[in-house]
Amino acid sequence: MTQFDKRNISMMMDLYELTMANGYFANEKEPRKVVFDVFYRKNPEDGGYAIFAGLEQVIAYVENLHFDREDIDYFRSLNQFSEEFLEYLKDFRFTGDIYAFPEGTIMYPNEPVITVLAPLIDAQLVETAILAQINHQSLIATKASRIVRAAQGRAVSDFGARRAHNMDAAVYGARAAYIGGASGTATVMAGQEFGIPVNGTMAHSWVMYYKDEYEAFRRYAEVYPDNVMLLVDTYDVIHSGVPNAIRIAKEVLEPAGRRLKGVRLDSGDLAYLSKKVRKMLDDAGLADCKIVVSNSLDEYTITSILNQGGRIDSFGVGERLITAKSDPVFGAVYKIAAVEENESFVPRIKVSETVEKITNPGLKQVYRIYCEGGQAVADLIADAKEAVDVSSPYRYVDPEKPWRNRYFENCTAKKLQIPVVINGKRVVKKQSVGEIQEYVKRQLETEIWPEEQRFENPHKHYLDMSPSYYEMKMNLLDEINRHY
């Protein structure tokens, strides 16, 4: 929630969460604790990985979860809830525990990136808000990472606010884009709230307001002499825009001891134009003048432009980043995995005719396995109480090929989930978006195989299981199969 937002975002939930909670309240005299997992089933764009983002907003949500008097009055107007339940909600606070991957962790399908261990009603009420934050920000962070990779070291800035689905999507989308590797944003509120560098150039309307392009450029340079970035495509890039920009550099800036910082192209054939513009600038002695481009860019158009020899120094990426246009649904889900019985957690599993929709049951832990020079070779699911030691030969099960005997040898294992909320209160240090961005960068450079980062046919990261965990899952499926 932004500092200017007066809404109670505790109300961000689906109606069925309330009807389920009301039903549990009526039926369960002593509500038990349950375990819910957040996971997703498919990487965006059929890529090799995704980036976990949005955790900070999840923590803020559960810490501040409450219902005001007007919220209770609204619930009452729906005529679906008992007065006893509404009275219970007046003093409701989330009292459960949340375990999660550190924000910015590279993640893969079907592993629990968040586990909620909480009283039944608490766990039910937080579903939609958790999914909304994780689905949106993980999607945008992953898209940004792909775009940054395509730019091959050139800066990528978020220019997407005006194409975002609403103001919240613009602000949190800018946060996620920065986590994914963007160098900055044009969205002022995101800069203010999260400390993201803000940047921007000039508007076409500025150029069109004045009687001619040269006057518009001159007036801009007089106001911002130390940061002159001129938009050169309002009328004619080659015959008007760039020549007038060069005149400004020679007639206005250089006599004052300043340099033209850059020019921006926002339309046309960006590969062709950038090469022509680069030659014109170099011939004028402006080799240090940068070329910035925008206009419906993504990882595919950027790759194509650079493959054609485009002479571009940085990219402003808008609508296709902030909406993840080519694959706009992340698809994380929230599924019950265990129920407390006699002071232990008994696993639950969802069964489906679609194999990919069968869940991984129980209270569990995820390990990242590192071998071969410190790179991650697989992730491993094990029972939460199970000790995993991969320093000596450790047999694991590939759930897609369980008949094979496979071993990790001379490896290390790192637990991915850490406690972030205990008894409803934050227990993890708040990180800046810059720290999270650096964590993402470090993983991609040193831990994640380049083959997993390909756009086309990336290597699949393996999600394996400990033998005892796999056996538990198969036994549970067999038991359900016999019963139903």
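First things first, this report covers the structure right here in the doc. In every chain, residue numbers begin from 1 and rise along the written sequence. pLDDT decides what is reported in this predicted model: residues at 70 or higher carry local features, side-chain atom pairs at 80 or more are listed and counted, and totals for whole chains, interfaces and linings draw on all residues regardless. Heavy atoms from the whole structure form the basis of all side-chain values; hydrogens and water molecules are not counted.

**Some points on the overall build of the protein**
In plain terms, the rule: A run of DSSP states H or I qualifies as a helix once it reaches four residues; a run of E qualifies as a strand once it reaches two. Both are numbered from the N-terminal end. Buried residues are those whose accessible area, probed at 1.4 Å on protein chains only, stays under 20% of the maximum for their type, while exposed residues exceed 50% and partly exposed ones sit between those limits. Whether two residues are in contact is decided by their heavy atoms: any pair within 4.5 Å suffices. Residues scored as charged are limited to Lys and Arg (positive) and Asp and Glu (negative), so that His and the chain ends carry no count. By convention, the charge on Lys lies at NZ, on Arg at CZ, on Asp at CG and on Glu at CD.
Within the protein, the secondary structure is distributed over 16 helices and 21 strands. Summarising its shape, the C-alpha atoms of the protein cover approximately 85 × 60 × 40 Å along the three principal directions. Relative to its 484 residues, the protein shows a buried fraction of 52%. A separation of at least 24 residues holds for 74% of the contacts in the protein among residues at least 6 apart in sequence. Treating the 58 positive side-chain charges of the protein as one cloud and the 69 negative ones as another, the clouds have centres 5 Å apart.

**Remarks on helix H7 (residues 167-179)**
Heads up, the rule is: Here the expected span of a helix is defined as 1.5 Å times the quantity of residues minus one.
Between its terminal C-alpha atoms H7 stretches 19 Å, which fits the 18 Å expected from 13 residues at 1.5 Å a residue. With eleven of 13 residues buried, H7 is to be regarded as a mostly interior element. Turning to H7, its buried residues number three or more, namely Ala 169, Ala 170, Val 171, Tyr 172, Gly 173, Ala 174, Arg 175, Ala 176, Ala 177, Tyr 178 and Ile 179. Two residues or fewer past H7, Gly 181 is found with a positive phi of approximately 125°.

**A closer look at the sheet that holds strand S21 (residues 462-465)**
Backbone hydrogen bonds are what pair the strands of a sheet, in a parallel or an antiparallel way. For clarity, the threshold we go by: The rule for pairing is simple: two strands pair if DSSP sees at least two bridges between them. Axis angles are defined between N-to-C directions and span 0 to 180 degrees, where every axis is a line fitted to C-alpha atoms and, for a helix, only to the segment in contact.
Across the sheet, four strands lie side by side as S18-S14-S15-S21; this open sheet has mixed pairing. Of all strands in the sheet, those with a lone pairing partner are strand S18 (412-415) and S21, marking the two edges. Pairwise comparison of adjacent strand axes, ignoring direction, gives a mean angle of 30° for this sheet. Sheet analysis places strand S15 (residues 375-383) next to S21, joined by four bridges and oriented parallel. Looking at S21, one finds that Asp 379 is bridged to Leu 463. Sitting on the sheet, helix H16 (residues 467-483) touches strand S14 (364-371), S15 and S21, and the angle it makes with S21 is about 80°.

**Comments concerning the pattern of salt bridges**
The following threshold applies: Throughout this description, the term salt bridge denotes a Lys or Arg side-chain nitrogen within 4 Å of a carboxyl oxygen of Asp or Glu.
Taken as a whole and judged by the stated rule, the model has 31 salt bridges. Between Arg 258 and Asp 226 there is a salt bridge, and its shortest N-O distance comes to 2.7 Å. Remark: Asp 226 occurs in the loop between helix H10 (213-223) and strand S8 (229-231) and Arg 258 occurs in the loop between helix H11 (237-253) and strand S9 (262-265); sequence separation between them is 32 residues. The class of Arg 258 is partly exposed, set by a relative accessible area of 30%. Note that Asp 313 and Arg 278 form a salt bridge whose closest N and O atoms lie 3.8 Å from each other. Here Asp 313 is found in the loop between helix H13 (299-307) and strand S11 (314-317), whereas its partner Arg 278 is found in helix H12 (residues 270-283), with 35 residues between them in sequence.

**What to know about the state of the cysteines**
Our working rule: Our working definition of a disulfide is a cysteine sulfur pair at a distance within 2.5 Å.
A complete count under the given rule lists one disulfide for this structure. Covalently, Cys 371 is tied to Cys 411 through a disulfide, its sulfur atoms 1.7 Å apart. When the S-S torsion is 110°, as for the bridge of Cys 371 with Cys 411, the disulfide is right-handed. In this pair, Cys 371 is assigned in strand S14 and Cys 411 in the loop between strand S17 (406-408) and S18, connecting sequence segments 40 residues apart. Accessibility expressed as a relative area gives 10% for Cys 371, which makes it buried.

**Observations concerning the sheet that holds S9**
With parallel pairing, the six strands of this open sheet are ordered in space as S7-S6-S11-S10-S9-S8. A strand with exactly one partner marks an edge of an open sheet, and here the two such strands are strand S7 (184-185) and S8.

**Considerations on the packing of helix H2 (residues 55-63) against helix H6 (residues 127-150)**
Any two packed helices are characterised by the angle at which their axes cross and by the distance between the axes. For clarity, the cut-off: Any angle between 65 and 115 degrees counts as roughly perpendicular, while under 35 counts as roughly parallel, over 145 as roughly antiparallel, and the rest as oblique. Crossing handedness is read from the near helix: turned anticlockwise from the far helix by less than a right angle, it gives a left-handed crossing, and turned clockwise, a right-handed one. Amino acids are sorted into nonpolar (Ala, Val, Leu, Ile, Met, Phe, Trp, Tyr, Cys and Pro), charged (Asp, Glu, Lys and Arg) and polar (every other residue, Gly among them).
Packing of H2 against H6 leaves a shortest axis separation of 9 Å and a crossing angle of 165°. As summarised for this structure, H2 and H6 are arranged roughly antiparallel, according to the angle between their axes. Crossing of H2 against H6: the hand is right-handed. From H2, Leu 55, Gln 57, Val 58 and Tyr 61 reach across to H6, where they touch Ala 129, Ile 130, Gln 133, Ile 134 and Gln 137. Residue classes in the contact of H2 with H6 are distributed as six nonpolar, three polar and no charged.

**A closer look at the pairing of strand S5 (residues 114-119)**
Regular strands show a simple pattern: their side chains alternate between the two faces of the sheet. Across the six residues that make up S5, a large majority, six, are buried. When strand S1 (residues 33-39) meets S5, the two strands line up antiparallel, connected through six bridges. Within S5, the position partnered with Lys 33 by the bridge is Pro 119.

**Notes on the packing of aromatic side chains**
Convention followed: For this analysis, a ring pair means two rings from Phe, Tyr or Trp (six-membered ring only for Trp) whose centres lie within 6.5 Å, classed as stacked if their planes differ by under 30 degrees, edge-to-face if by over 60, and tilted for the remaining angles.
Scanning the model with the defined rule gives 19 aromatic pairs in all. Ring centres 6.2 Å apart and planes at 25° place the aromatic pair Phe 85 and Tyr 88 in the stacked group. Of the two residues, Phe 85 and Tyr 88 both sit in helix H4 (residues 83-90), three residues apart, roughly one turn of that helix. On the basis of relative accessibility, which here comes to 30%, the residue Tyr 88 falls in the partly exposed class. Connected via pairs of aromatic rings, a cluster forms that spans Phe 25, Phe 67, Tyr 74, Phe 75, Phe 81, Phe 85, Tyr 88 and Phe 92.

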